[in-house]
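Spelled out, the chains give:
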Amino acid sequence: MTNTVYRTHANRLKDGRGQGRGADYIPFIQANDNKVASEGWLTRTPGWHSNRIHHTLSKYEYQYLLVQDWVDQVIDIREQYPLPIEETQRIAKKLNIIHANLKGQDVVQTSDFMLTVPNGENGTMEEARTFKPTNKLNKRTLELFEIERRYYQEIGVQWKVVFDVGRPTNFIKNIDWLHDAKRPDVRPGMDNEMVDIIAEPIFELLKKNDHSLSISKSCLKSDQSIGLEPGTSMFMVKHMLANKRWITNMHELIRESAPLVIEKPLNRGVKK
């Protein structure tokens, strides 16, 4: 007898989940599908590369998404990417491994991320990534990994497991702090033209302000000097850093209650 999860997975595929690219991609699993979140996290995050909402199901998936959004070389990010069940069933049978299932009914396996990255001049390639906390590793997890690994090996796609150790914590927190400010129109009354008008005056004021001032106080002082709505300069700091038009040490934790050194990149073509 077909169980509910199997029918749900089949319907998702019929509805186009796991298909498309960029803004048209539909994740196979969406945040609202899960009543219980992994690690207590379900997030819907506007993507920098994809121009759509990304659905992540754990804290570590969300953090990995932030880092990939920051990387200029990433072209597209597709999360909750489904593998063809007929292929994974074939591989599982060949390996004599029990397929991913619920109550004995096979279900669709997914990879946490499928990244599109450059490959030579004007070319692209796919890289599959699966995230797993080290404390969740066990024999059964490794069996399912092997099915996943064999599938990608057969189709010539690089696949790696990403673990939760060695994460650049400050870097991730800093991206999280500025992530929402990537696009100017998230702030009422702000657009690209306004950014170009006020960016230079704000930058010059922030450089002239007492360097012992916290960035929050320095930004408020700049708002007052120019006659801007309070919070505008802070938004601009985040926006300009997110777009790498201004730079700072992203591996040193940014605190609004502390000073922040910002500069202009010497060469916009150089990745910071």
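Residues numbered from 1 in each chain as written. Predicted model: local features only at pLDDT ≥ 70, side-chain atom pairs only at ≥ 80, totals over all residues. Heavy atoms only, no water.

A. Layout of the overall build of the chain. A count of helical and extended segments in the chain gives 8 helices and 8 strands. If one aligns the C-alpha atoms of the chain with their principal axes, the spans along those axes are about 70 × 35 × 35 Å. A buried classification covers 45% of the 272 residues belonging to the chain. Counted over contacts in the chain with a minimum sequence separation of 6, partners at least 24 positions apart contribute 63%. A total accessible area of about 14800 Å² is found for the chain, and carbon and sulfur atoms account for 50% of it. Taking the 39 positively charged and 35 negatively charged side chains of the chain as two groups, their mean positions are separated by 5 Å. (Helix = DSSP H or I, 4+ residues; strand = E, 2+ residues; numbered from the N terminus. Buried < 20%, exposed > 50% of the residue type's maximum accessible area, 1.4 Å probe, protein only. Contact = heavy atoms within 4.5 Å. Areas by Shrake-Rupley, 256 points an atom, 1.4 Å probe, with all protein chains shown as cover. Lys, Arg positive; Asp, Glu negative; His and termini not counted. Charge placed at Lys NZ, Arg CZ, Asp CG, Glu CD.)

B. Geometry of helix H6 (residues 192-208). The end-to-end C-alpha distance of H6, which contains 17 residues, comes to 25 Å, matching closely the 24 Å that a straight helix rising 1.5 Å per residue would cover. The largest bend in H6 is about 35°, located at Ile198, with the proline Pro201 one to four residues further on. Those residues of H6 not exposed but buried are Val195, Ile198, Ala199, Ile202, Phe203 and Leu206. The elements touched by buried residues of H6 are helix H7 (215-226) and helix H8 (232-242). N-cap assignment for H6: the residue whose side-chain oxygen lies 3.2 Å from the backbone N of Glu193 is Asp191. (Expected span 1.5 Å × (residues − 1). Bend = angle between axes of the 7 residues up to and from the residue. Polar contact = N/O pair within 3.5 Å; in protein donor to acceptor, adjacent residues only side chain to side chain.)

C. Expanded view of the nonpolar core. Ranked by internal contacts, the top residues of the largest apolar core, which has 32 residues, are Leu178, Met236, Val237, Leu241 and Trp246. Elements that contribute at least two residues to this core include exactly helix H2 (59-70), helix H5 (169-178), H6, H7 and H8. The element that contributes the greatest number of residues to this core is H8, accounting for 7 residues. Excluding residues within four positions of it along the chain, Trp246 makes contact with Ala199, Ile202, Phe203, Leu206, Met236, Val237, Met240, Leu241, Ile262, Glu263, Lys264 and Pro265. With 14 residues, the next largest nonpolar core counts Tyr81, Ile97, Tyr151 and Tyr152 among its residues. (Core = buried A, V, L, I, M, F, W, Y, C linked by side-chain atoms within 4.5 Å.)

D. Geometry of the sheet that holds strand S8 (residues 158-163). Across the sheet, which stays open at both edges, the 4 strands sit in the order S3-S6-S7-S8 with mixed pairing between neighbours. At either margin of the open sheet sits one strand with a lone partner, and together these are strand S3 (76-82) and S8. Shown here is a sheet whose adjacent strand axes are inclined to one another by a mean of 30°, direction ignored. In this structure, strand S7 (residues 124-132) lies alongside S8, joined through 6 bridges in parallel fashion. Bridge assignment links Thr130 to a residue of S8, and that residue is Val161. (Pairing = 2+ DSSP bridges. Axes fitted to C-alpha atoms, helices over the stretch in contact; angles between N-to-C directions.)

E. How the structure looks around unusual backbone geometry. Here Asn51, not a glycine, exhibits a phi torsion of approximately 60°, which is positive. Position of Asn51 among the secondary structure elements: in the loop between strand S1 (43-46) and strand S2 (53-56). In this structure, Lys103 takes a positive phi of about 55° despite not being glycine.

F. Geometry of the pairing of S3. For S3, the tally of buried residues reaches 7 of 7 residues, placing the bulk of the element in the interior. Here S3 pairs with strand S6 (residues 110-118) via 6 bridges, running antiparallel. The partner of Asp76 across the bridge, within S6, is Thr116.

G. Examining the side chain of Thr130 more closely. For Thr130, the position within the fold is in strand S7. Side chain to side chain, Thr130 and Glu148 meet in a polar contact 2.5 Å long. There is a polar contact of 3.1 Å between the side chain of Thr130 and the side chain of Trp159. Discounting residues that sit within four places of it in the chain, Thr130 has contacts with Ser111, Asp112, Phe145, Glu148, Trp159, Lys160, Val161 and Val162.

H. A look at the packing of H2 against H5. Remark: H2 packs on H5, axes separated minimally by 9 Å, with the N-to-C direction vectors making an angle of 75°. The orientation of H2 relative to H5 falls into the category roughly perpendicular. Taken together, the residues of H5 that come into contact with H2 (itself represented by Tyr62, Gln63, Leu66, Val67 and Trp70) are Phe171, Ile172, Ile175, Asp176 and Leu178. Its residues placed into classes, the contact of H2 with H5 shows 8 nonpolar, 1 polar and 1 charged. (Parallel < 35°, antiparallel > 145°, perpendicular 65-115°, else oblique. Nonpolar A, V, L, I, M, F, W, Y, C, P; charged D, E, K, R; others polar.)

I. Region of the structure containing the side chain of Gln30. By the element assignment, Gln30 lies in the loop between helix H1 (4-14) and S1. Its relative accessible area of 16% is what places Gln30 among the buried residues. Apart from the residues lying within four places of it in its own chain, the contact partners of Gln30 are Arg17, His55 and Leu57.

J. Layout of the pattern of salt bridges. One pass over the structure, following the stated rule, counts 17 salt bridges. The shortest N-O distance in the salt bridge between Arg140 and Glu143 comes to 3.2 Å. Of this pair, Arg140 and Glu143 both sit in helix H4 (residues 139-155), separated by 3 residues, roughly a single helical turn. A relative accessible area of 21% means that Glu143 is categorised as partly exposed. Linking Lys238 and Glu256 is a salt bridge whose minimum nitrogen-to-oxygen distance equals 3.9 Å. Of this pair, Lys238 sits in helix H8 while Glu256 sits in the segment after H8, and the two are 18 residues apart along the sequence. A residue is classified by how much of its surface remains accessible, and Lys238, at 19% relative accessible area, is buried. Owing to a relative accessible area of 33%, Glu256 belongs among the partly exposed residues under this scheme. Several salt bridges converge on common partners, so that one network encompasses Arg12, Arg17 and Asp33. (Salt bridge = Lys/Arg side-chain N within 4 Å of Asp/Glu carboxyl O.)

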